[in-house]
Amino acid sequence: MKIDYEAVIQGGGMVGLALALTLARAGLPVAVLEAHTPWRWRRGDPVDQRVSAISVASERYLGRLGAWADIRRARACPFHGIHAWDGEGGGAIHFDAHRYGEPHLGHIVENRLIQTTLWQHLSRHDNVRLMVPGSVEGWDAEPEGLRVRLNDGGECTTRLLVGADGARSRLRELAGIGHSVRPYGQHGVVGTVWPEHHHGGIARQRFLPTGPLALLPLADGSCSIVWSCPEAQATELLELPEARFREQLTQASEAVLGPINACGPRAAFPLRRSHARRYIDRRLALVGDAAHTIHPLAGQGVNLGFMDAATLAEEMLAAHARGRDPGGQAVLQRFQRRRLGANHLMQTGMDAFHWLFANDLPPLVVLRSLGLSLTDRLAPAKSLFMARAMGLSGELPALARPHPQTG
């Protein structure tokens with residue numbers, strides 16, 4: 001059987017492209033199929049509504065791929081502090097990267113900028129085939145790989161098929177991999193706003209009984225908001241005239257940056273937790289949202305996906321270097337063992353945090369506020385939380401560790 005590609009990746013989002021670029025830079029032939037032509041980021045465009053808090057671990061990974069420097073120069077905003085407080089009980093916690101000898105805790109970056117940069121880097125490799133629009137219609141297993149049927153009637157062969165096609169993954173469905181879904185009963189209202197005062201490179205989050213409100217710093221001094229709230233409230237917020245919306249946002253944020261003087265277009269999306277019952281099948285692996293989704297209150301969604309990509313690539317390349325099958329079951333089992341438990345643990349922790357702060361029982365309000373304030377005074381506990389925020393806790397793939405030449 002002649003193998004066309006070492007990996008066929010369904011999904012041209014941030015995680016799928018990062019995986020493809022990792023393999024391509026190592027010399028492996030790769031195909032990427034994306035159903036829709038991506039909306040490219042262009043300098044001078046308004047800031048996109050969808051942004052991500054990119055952790056230090058993810059920065060290192062993207063840096064190893066040669067993409068992070070371009071992203072940082074284009075329009076990424078570093079944040080060196082986090083300020084979170086309980087809107088009911090008043091407890092608060094502060095994180096400052098400088099107190100721990102770090103320049104920053106991460107960067108706020110538009111999803112579209114990351115995606116565009118990765119597409120540009122991939123296009124420079126002649127061992128990559130980009131198929132847009134393109135999708136997998138099915139596959140047949142053969143001894144040495146899969147024969148993949150494509151939507152245009154063509155076919156190709158591969159050692160490994162990767163589902164990086166989002167929370168409603170078609171590949172996961174075709175493989176018959178079940179997944180659990182639990183709605184949070186909330187929508188995330190997103191948009192760009194201009195407060196009276198500069199954010200100072202600090203990410204802020206107020207916990208309300210209806211859900212957290214985050215103000216994330218952007219490079220031009222504005223903030224990207226993620227306001228988690230019940231669906232009815234989200235609908236109302238989208239329909240409000242701008243002036244009234246700004247008033248409500250100022251009140252909900254306790255005017256922490258002064259009045260909100262202007263805001264851009266608003267949008268909302270439902271918040272759900274989902275987790276695939278397994279990440280692998282015969283010559284198939286799931287990464288990113290196809291494998292798991294999480295509440296955005298800690299900004300870990302895409303970072304978990306990047307660690308999936310880095311770990312899968314690490315296992316594939318190690319097998320390839322030893323002359324073994326990079327799509328074999330041993331490779332996939334090691335990938336699943338390293339990522340499934342870690343992702344589930346993060347989901348469980350975020351769910352507990354969400355439940356704790358969405359509960360307005362007076363005794364619980366008092367206890368959680370005391371807990372926040374106490375943790376703020378305990379250096380070891382704060383260090384642990386900061387390591388998690390930076391993506392530096394637990395087992396990291398080699399691509400997310402400091403470069404030996406830069407530390």
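Above this text sits the structure in question.
Structure report, in brief. Note that the coordinates shown come from a computational prediction; the quantities given were computed from them, not determined experimentally.

1. Here's the deal with the overall build of the protein
And then number 1: Scanning the protein from N- to C-terminus turns up 11 helices and 20 strands.
And then number 2: For 407 residues, the compact-globule estimate of 2.2 N^0.38 gives 22 Å, and the C-alpha radius of gyration of the protein, at 21 Å, lies within 12% of that figure.
And then number 3: For the C-alpha atoms alone, the extent of the protein along its principal axes is close to 65 × 45 × 40 Å.
And then number 4: Sorting the 407 residues of the protein into buried and exposed places 54% on the buried side.
And then number 5: Here the contacts in the protein between residues at least 6 apart in sequence split such that 75% fall between residues at least 24 apart.
And then number 6: As displayed, the protein has an accessible area near 17,200 Å², and 53% of this comes from carbon and sulfur atoms.

2. Focus: empty space enclosed by the protein
Once rolled over the atoms, a probe with the size of a water molecule shows which space is left empty.
And then number 1: Taken as a whole and judged by the stated rule, the model has 3 cavities of 30 Å³ or more.
And then number 2: Looking at the largest cavity, its volume works out to about 40 Å³.
And then number 3: Lining the largest cavity we find V47, R75, I108, V109, E110, L218, A219 and D220.
And then number 4: Looking at the lining of the largest cavity element by element, the count peaks at 3 residues for strand β7 (residues 106–110).
And then number 5: Counted by class, the lining of the largest cavity contains 5 nonpolar, no polar and 3 charged residues.

3. Observations regarding the packing of aromatic side chains
And then number 1: Taken as a whole, this structure holds 3 aromatic pairs when the rule is applied.
And then number 2: Relative to F306, the ring of Y61 lies with its centre 6.2 Å away and its plane at 70°, an arrangement referred to as edge-to-face. Here F306 lies in helix α8 (residues 301–321) and Y61 lies in helix α2 (residues 56–64), a separation of 245 residues in the sequence.
And then number 3: A relative accessible area of 0% places Y61 in the buried class.
And then number 4: Since its relative accessible area comes to 0%, F306 is described here as buried.
And then number 5: Between Y279 and F335, the aromatic rings sit 6.3 Å apart at their centres with planes inclined by 40°, giving tilted as the arrangement. Remark: F335 occurs in helix α9 (residues 329–358) and Y279 occurs in the loop between β17 (267–276) and β18 (280–281); sequence separation between them is 56 residues.
And then number 6: Judged by relative accessible area, which is 0%, Y279 ranks as buried.
And then number 7: Here F335 falls in the buried class, since its relative accessible area comes to 0%.
And then number 8: One cation-aromatic arrangement involves R50 over F269; the distance from NZ or CZ to the ring centre is 4.1 Å.

4. A word on the nonpolar core
And then number 1: Ranked by size, the top nonpolar core spans 74 residues in total, and within it Y61, W139, F306 and L312 carry the most contacts.
And then number 2: Every residue in contact with W139, bar those within four places of it in the chain, is listed here: L146, R147, V148, R149, L161, L171, L174, A175 and L284.
And then number 3: Counting residues in hydrophobic clusters, the runner-up holds 19 residues, among them V56, I93, I108 and L216.

5. Some details on α8
And then number 1: For α8, spanning 21 residues, the distance from its first C-alpha to its last is 31 Å, which sits close to the expected 30 Å at 1.5 Å a residue.
And then number 2: Within α8, 15 of the 21 residues are buried, leaving the element largely enclosed by the surrounding structure.

6. Quick notes on the packing of α2 against α8
And then number 1: For the pair α2 and α8, interaxial distance at closest approach is 9 Å and the crossing angle is 45°. On the basis of their axis angle, the class for α2 and α8 is oblique. As for the relative orientation of α2 and α8, their crossing is left-handed in sense. Facing A57, S58, Y61 and L62 of α2, the residues of α8 in contact are N303, F306, M307, A309 and A310.
And then number 2: Split into classes, the residues belonging to the contact of α2 with α8 amount to 7 nonpolar, 2 polar and no charged.

Criteria and thresholds
Residues numbered from 1 in each chain as written. Predicted model: local features only at pLDDT ≥ 70, side-chain atom pairs only at ≥ 80, totals over all residues. Heavy atoms only, no water. Helix = DSSP H or I, 4+ residues; strand = E, 2+ residues; numbered from the N terminus. Rg over C-alpha atoms; globule rule 2.2 N^0.38 Å. Buried < 20%, exposed > 50% of the residue type's maximum accessible area, 1.4 Å probe, protein only. Contact = heavy atoms within 4.5 Å. Areas by Shrake-Rupley, 256 points an atom, 1.4 Å probe, with all protein chains shown as cover. 1 Å grid on protein atoms, 1.4 Å probe; cavity = no way out; pocket = protein on both sides within 12 Å on 5 of 7 lines; lining within 4 Å. Points joined across faces, edges and corners; volume = space filled by probe spheres on them. Nonpolar A, V, L, I, M, F, W, Y, C, P; charged D, E, K, R; others polar. Phe/Tyr/Trp six-rings, centres within 6.5 Å; stacked < 30°, edge-to-face > 60°. Lys NZ or Arg CZ within 6 Å of the ring centre and 35° of its normal. Core = buried A, V, L, I, M, F, W, Y, C linked by side-chain atoms within 4.5 Å. Expected span 1.5 Å × (residues − 1). Axes fitted to C-alpha atoms, helices over the stretch in contact; angles between N-to-C directions. Parallel < 35°, antiparallel > 145°, perpendicular 65-115°, else oblique. Left-handed = near helix turned anticlockwise from the far one by under 90°.

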